[in-house]
Amino acid sequence: MKPSMVLSRVRFLNGEIVDIAMENGRITGLHEPGTVSGTQTINGEGLYVSSGWIDMHVHAFPAFDPYGDEIDAIGIQGGCTTIVDAGSCGADRIHELAASRKQSHTRLFAFLNISRIGLERTDELSQLHWIDETAVMQALENHADFIIGLKARISSSVVGENGITPLRRAIQFAEDTGLPIMTHIGSAPPLIEEIMPLLRSRDMVTHYLNGKANNLFDEKGLPKSVLTDAIERGVKLDVGHGTASFSFETAQQAKDAGISLHTISTDIYRGNRLNGPVYNMANVLTKFLTLGYTLTEVIEAVTTAPAAWLDRPELGRIQVGDAANLTLFSIEPRPSRLIDSEGRTYTSTHTIQAEGVILNDQYFTCPIRA
Ligand SMILES: [Zn+2]
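Residues numbered from 1 in each chain as written. Predicted model: local features only at pLDDT ≥ 70, side-chain atom pairs only at ≥ 80, totals over all residues. Heavy atoms only, no water.

Asker: Explain the environment of V357 here, please?
Answerer: Mapped onto the secondary structure, V357 falls in strand β16 (residues 351-359). Remark: the alpha-carbon pair of V357 and G78, spanning 279 residues in sequence, is separated by 9.0 Å. (Helix = DSSP H or I, 4+ residues; strand = E, 2+ residues; numbered from the N terminus.)

Asker: Honestly, the side chain of S8 in this entry has me stumped. Any pointers?
Answerer: Mapping S8 onto the fold places it in strand β1 (residues 5-11). Accessibility expressed as a relative area gives 9% for S8, which makes it buried. Excluding residues that lie within four positions of it along the chain, S8 makes contacts with V18, D19, T41, I42, N43, G44 and E45. (Buried < 20%, exposed > 50% of the residue type's maximum accessible area, 1.4 Å probe, protein only. Contact = heavy atoms within 4.5 Å.)

Asker: Quick question: what am I supposed to make of the coordination of the zinc ion here?
Answerer: Ideal geometry at a metal gives 109.5 degrees between four tetrahedral donors and either 90 or 180 degrees between six octahedral ones. The protein atoms that coordinate the zinc ion are H57 (NE2), H59 (NE2) and D267 (OD), at distances of 2.0 to 2.4 Å. Positions of the donor residues of the zinc ion along the chain correspond to the pattern H-x1-H-x207-D. Judged by relative accessible area, H57 falls into the buried class, the value being 1%. (Donors = N, O, S within 2.8 Å, 3.2 Å for Na, K, Ca; no water.)

Asker: Teacher, can you tell me more about empty space enclosed by the protein here?
Answerer: A probe as big as a water molecule, rolled over the atoms, marks out the empty space that is left. In the structure shown here, the tally under the stated rule is 1 cavity of 30 Å³ or more. Counted as a void, the largest cavity has a volume near 60 Å³. Considering the residues around the largest cavity, the lining is formed by D55, A73, I74, G78, C80, T266, I268, R273, N280, M281 and I368. Residue classes in the lining of the largest cavity are distributed as 6 nonpolar, 3 polar and 2 charged. (1 Å grid on protein atoms, 1.4 Å probe; cavity = no way out; pocket = protein on both sides within 12 Å on 5 of 7 lines; lining within 4 Å. Points joined across faces, edges and corners; volume = space filled by probe spheres on them. Nonpolar A, V, L, I, M, F, W, Y, C, P; charged D, E, K, R; others polar.)

Asker: How should the pattern of salt bridges be read in this particular structure?
Answerer: This model, assessed by the stated rule, comprises 14 salt bridges. Between R116 and D132 there is a salt bridge, and its shortest N-O distance comes to 2.8 Å. With a gap of 16 residues between them, R116 in the loop between β8 (107-113) and α3 (133-142) and D132 in the loop between β8 and α3 connect regions that are remote in the sequence. On the basis of relative accessibility, which here comes to 27%, the residue R116 falls in the partly exposed class. The exposure class of D132 is partly exposed, given its relative accessible area of 22%. As a salt-bridge pair, E355 and R369 come within 3.9 Å of each other at their nearest N and O atoms. With E355 in strand β16 and R369 in the segment after β17 (362-365), this pair connects stretches of sequence that are 14 residues apart. Residues joined by salt bridges that share partners form a network here, namely D65, E70 and R270. (Salt bridge = Lys/Arg side-chain N within 4 Å of Asp/Glu carboxyl O.)

Asker: Even after reading the chapter, I still don't get the nonpolar core, so can you show me in this structure?
Answerer: Generally speaking, soluble globular proteins have nonpolar side chains that are buried together. Membership of the largest hydrophobic core comes to 86 residues, with the highest contact counts inside it found for W53, L150, I264 and F288. Composition of this core by domain shows at least three residues from each of domain 1 (5-50 + 319-333 + 349-365) and domain 2 (52-316). Of all hydrophobic cores here, the second largest spans 15 residues; its members include I27, I42, L326 and L328. (Core = buried A, V, L, I, M, F, W, Y, C linked by side-chain atoms within 4.5 Å. Domains from an automatic or database assignment.)

Asker: Looking at this structure, I do not really get helix α8 (residues 248-256). What am I missing?
Answerer: Given 3.6 residues per helical turn, the α-helix brings residues three or four places apart onto the same face. Burial in α8 covers these residues: F248, T250, A251, Q253 and A254. If you follow the buried residues of α8, they end up packed against α10 (281-290), β14 (337-339) and β15 (345-347). Two or three places before E249, at the opening of α8, S247 has a side-chain oxygen 3.2 Å from that residue's backbone nitrogen. (Polar contact = N/O pair within 3.5 Å; in protein donor to acceptor, adjacent residues only side chain to side chain.)

Asker: Even after reading the chapter, I still don't get the packing of aromatic side chains, so can you show me in this structure?
Answerer: Within a pair of aromatic rings, the relevant descriptors are the distance that separates the centres and the angle that separates the planes. Across all of its chains, the model carries 9 aromatic pairs by this definition. Ring plane angle 15° and centroid distance 5.4 Å describe the contact between Y48 and F329, whose orientation is recorded as stacked. Residue Y48 is found in strand β5 (residues 48-51), and its partner F329 is found in strand β13 (residues 326-332); the two are separated by 281 residues along the sequence. Both rings, one in F248 and one in Y346, keep their centres 4.0 Å apart while their planes meet at 5°; by these two values the pair is stacked. Of this pair, F248 sits in helix α8 while Y346 sits in strand β15, and the two are 98 residues apart along the sequence. Each residue in the set F246, F248, F288, Y293 and Y346 is aromatic and connected to the rest through ring pairs, giving one cluster. (Phe/Tyr/Trp six-rings, centres within 6.5 Å; stacked < 30°, edge-to-face > 60°.)

So, to be careful, I would describe these as geometric facts and stop short of saying anything about function.
Next up, the structure:
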């Protein structure tokens, strides 16, 4: 019997070329290239395949304009089968974000903002009464399958006069619930030297390559000890490119210091998708290829690494019996003009382009051009 879907002649990162057969949304076989056909056969010749890309930091709650976006516009249309909303919503509106999954194809998880108002205002931690323990605990109970961690944005414009206190509250909630936290870093106060020592194994720092004064590298461009100590403790680093949080100079410093990639994420929302400097995941991945990371390192940072962090390893593998969750992409020998958050530009020699995804037993082409 013919499989319902076959992805033919696609290339794994290790160079191996295969046919992937699927039935009812599950992978049923990996075969020699060109040997099977399905009711639907997708020609993958010349394309790479990986498990579906995972973006650990997006804003998928369109009501918070411009700091939100449509789920599929930042998900499957750009090659990401799984996206994680990074604290757009707090306890007041997380149920709306959870419900919005019904209207979209992309798999969505969320960090719960410890501020009940979420990004309704961008100074959401400037009043401590917005950090409401009862509301946080109720939201976690109601959405245990959806909320994968807690978000606390710890920079001056967000916390106002409250300094490190909101982060201490976040860690207390995390200790009480067993959830990890994602901390955003940016301008002081609080100082990065106050923030980093509080983070625990598996907690995640987003925006670690920002080029602001209060960042993780010293004036010589070397990693500060609070960074190397945190890595040693098992704290994870997330890119969270965003409008203001990715500097080529800082990224080069991290590369030169031998700091490995963990997760590459976009911090995408409507504003920085349409006007840059983020545009889409493929564009951000091309930046890391241009910095000199290997294709395998770059793709692992949106597949196996986030899947392991999420404790959902099946999302990061291609295996017979698993649900088919795949991203097809190409590496085109054409230059891209890449812009960082400081307005500095690089021109790449190659461009990573998302071509299509397979998710929920369906094939979707990616209309977004990198
Ligand atoms: Zn963000």
